Every structure is written in structure tokens, then in C-alpha cells.
Amino acid sequence: MKFFIDTANLNDIREAQDLGVLDGVTTNPSLMAKEGITGKEGVFRHYKAICDIVDGDVSAEVIATTFDEMVREGEELAEIDDKIVVKVPMIREGIKAINYFSEKGIKTNCTLVFSAGQALLAAKAGATYVSPFVGRLDDVSVDGVALIEQIVTIYRNYGYATQVLAASIRHPMHIIQCAELGADVMTGPLSAITALFNHPLTDIGLAKFLADHKKAGTK
């Protein structure tokens, strides 16, 4: 499973990269705004800064909702760096844009996916990634992990190359559950990734080892 971090915070991205487990980054306009990144030039510079940190794909989202504007924005984003993946919303015009980008060899991430039917359309259009929002479905009392299972099953049935990117990951159990089901990628906050380190028996065991070592050293 690939680990992506869902943020525009450069410090968090560097920390995840330094751990040696980071495979890519996803962003969106809300995350950019949270970091105070404004204006087209500022946003583009920030995407380039992210690309300079990471080794893998960086999803950069279009703002437009019409085909022509999505194509224009997407082509501009793709020019920033070879690592850029154009992030396109799951709407009718978005599927048309994904098909266009696919034919041009531009990588895409179909975002705001909440059903297996939407994921099927994205795969048929040639999306590189499809992003089902696990946490947001959980928020409205729908099993987000079950959707991951559906999509993985459908893609395997027909051999689609589109990677299942489990998005809106909230906690480490989301990561484990999606990994068990065969999701290709997860994306979430740094806190969800670092929480995988935690286990009380690890802490107890390490404390005992260190205490025993200290006793042995004083004899």
C-alpha cells in the first residue's frame, strides 16, 4: 500500500518524507487556504515546493467545473512538474476531462467519489487514481470502508488499471482496514500515519529492556 499525506503543510510533508514511508501527496483548495496560500502564482509555487520535497505523485486540484476550463487548468498544472497528478471532481464534465487527459498521457485523480458507480465511470474514463472518501461517508453513517471493498472487487473483476486511493482517512484503523481490502493507496493526515507506531506493549517492552540494561550495567 502506498502512503500519501493529505496536506499542503510543508513541515508535515518533510516529516513524513524523512520517515522514509511517504509515497506522495494529495492537496485541495481547502488545504491550500489553511496554509494561507493564495493567488494562482502562490498556489503554483507551493505545488512546486511540494514536488521538490517528495519522490512520488502530487495531486493538484482544478477549480473549474466546465470541460474547457478543466482542460486549461489541468494542462497548466501538469506543466509545473512531472510529479503532478491533475485532480478532477466526479462530475459529468470531470469524466470528460479525465478521458481527455488520459489520451494526452496526463495523470489524473478522480476526487469526491462516494459510490461504486462513480468509481466505475472514473476507471472507464482512464483515471490514474480514484479517491473514495472513507471518512466523509462514515460522517453520514455510511460504511466508507465497505465502499473500498466494492471498488476493489469491481476493478479486479475487469482488470482496471485505476488505483484505489482511500481518501479522507481519519485514523490508523481506517488504514489497516483499507490495506486488508487491497486499496492501492491511502491518504490522510500525518497523525493517522504516525499513530501506526503506537502500541502499549511496545512501550512496556522497551521500558523493560532499558531498565534491565541499566541494571546489568551497574553490576
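Right above here is the structure, for reference.
Procedures and definitions
- Residues numbered from 1 in each chain as written.
- Predicted model: local features only at pLDDT ≥ 70, side-chain atom pairs only at ≥ 80, totals over all residues.
- Heavy atoms only, no water.
- Pairing = 2+ DSSP bridges.
- Helix = DSSP H or I, 4+ residues; strand = E, 2+ residues; numbered from the N terminus.
- Axes fitted to C-alpha atoms, helices over the stretch in contact; angles between N-to-C directions.
- Contact = heavy atoms within 4.5 Å.
- Buried < 20%, exposed > 50% of the residue type's maximum accessible area, 1.4 Å probe, protein only.
- Lys, Arg positive; Asp, Glu negative; His and termini not counted.
- Salt bridge = Lys/Arg side-chain N within 4 Å of Asp/Glu carboxyl O.
- Right-handed = clockwise from strand over helix to strand, strands pointing away.
- Parallel < 35°, antiparallel > 145°, perpendicular 65-115°, else oblique.
- Core = buried A, V, L, I, M, F, W, Y, C linked by side-chain atoms within 4.5 Å.
- Expected span 1.5 Å × (residues − 1).
- Arc of directions from axis to C-beta.

> Before we go on, may I ask you to explain the sheet that holds strand S4 (residues 84–89) in this structure?
Working definition: the strands of a sheet are paired by backbone hydrogen bonds and lie parallel or antiparallel to each other. Strand order in this closed barrel of eight strands is S1-S2-S3-S4-S5-S6-S7-S8, and the pairing throughout is parallel. Pairs of neighbouring strands in the sheet enclose a mean axial angle of 30°, with direction left out of account. Here strand S3 (residues 57–61) pairs with S4 via four bridges, running parallel. The residue of S4 that forms the bridge with Glu-61 is Lys-87. Here helix H5 (residues 92–103) sits on the sheet in contact with S4 and strand S5 (108–113), set at roughly 155° to S4.

> Mind showing me how you'd approach the side chain of Glu-73 here?
Locating Glu-73 in the fold gives a position in helix H4 (residues 67–78). One buried charged residue, Glu-73, remains without a salt bridge, the closest side chain of opposite sign being Arg-72 at 4.3 Å. The residues contacting Glu-73, other than those within four sequence positions of it, are Val-62, Ile-63 and Ala-64.

> Honestly, the pairing of strand S1 (residues 2–6) in this entry has me stumped. Any pointers?
When a strand is regular, its side chains alternate between the sheet's two faces. Note: S1 against strand S8 (residues 185–188), four bridges, orientation parallel. Residue Ile-5 lies in a different strand from S8, and its bridge partner there is Gly-188. As judged from the three bridges shared by S1 and strand S2 (residues 24–26), these two strands associate in the parallel manner. Paired with Phe-4 across the strands is Gly-24, a residue of S2. With helix H1 (residues 10–19) bridging S1 and the parallel S2, this β-α-β connection has right-handed handedness.

> Even after reading the chapter, I still don't get the packing of helix H3 (residues 40–53) against H4, so can you show me in this structure?
Each packed pair of helices is defined by two parameters, the angle between the axes and the distance between the axes. The geometry of H3 relative to H4 is characterised by a closest axis approach of 11 Å and an angle of 45° between their N-to-C directions. Overall, the two elements H3 and H4 adopt an arrangement that is oblique. Facing H3, whose interface residues are Lys-40, Phe-44 and Tyr-47, H4 presents Arg-72, Glu-76 and Leu-77.

> It is not clear to me how the nonpolar core should be interpreted in this structure. Could you clarify?
Nonpolar side chains in soluble globular proteins tend to end up buried together. One finds Ile-13, Val-25, Tyr-47, Ile-84, Ile-148 and Ile-169 to be the most contacted residues of the largest nonpolar core, which totals 60 residues. Counting seven residues, the second-largest nonpolar core is a separate cluster that includes Val-85, Tyr-129, Ala-167 and Val-185.

> Could you clarify how one ought to interpret H4 in this entry?
Given 3.6 residues to a turn, an α-helix orients residues that are three or four positions apart in the same direction. The terminal C-alpha atoms of H4 lie 16 Å apart, and with 12 residues this matches the ideal 16 Å at 1.5 Å per residue to within 8%. Taken residue by residue, H4 has Met-70, Val-71, Glu-73, Gly-74 and Leu-77 as its buried positions. Those residues of H4 that are buried lie in contact with H3, S3, S4 and H5.

> What is the right way to read H5 from this model?
Over its 12 residues, H5 runs 17 Å from end to end, which matches the ideal 16 Å to within 8%, given 1.5 Å per residue. Every buried residue of H5 is listed here: Gly-94, Ile-95, Ala-97, Ile-98 and Phe-101. Taken down its axis, H5 places every buried residue within 160° of arc, on the same side. Turned more than 90 degrees off the buried face of H5, the exposed positions are Arg-92 and Glu-103. Close packing links the buried residues of H5 with H4, S4, S5 and helix H6 (116–125).

> Just checking my understanding: could you explain the pairing of strand S7 (residues 163–166) for this structure?
Side chains Gln-163 and Leu-165 of S7 all project onto a buried face; the interleaved residues Val-164 and Ala-166 project onto the opposite face, where all are buried too. Strand direction decides the pairing type here: strand S6 (residues 129–132) and S7, joined by two bridges, are parallel. In the strand pairing of S7, Val-130 is matched with Val-164. Sheet analysis places S7 next to S8, joined by two bridges and oriented parallel. By the bridge assignment, Ala-166 is partnered in S8 with Met-186. Once the chain exits S7 it traverses helix H9 (residues 172–181) before rejoining the sheet at S8, and the crossover so formed is right-handed.

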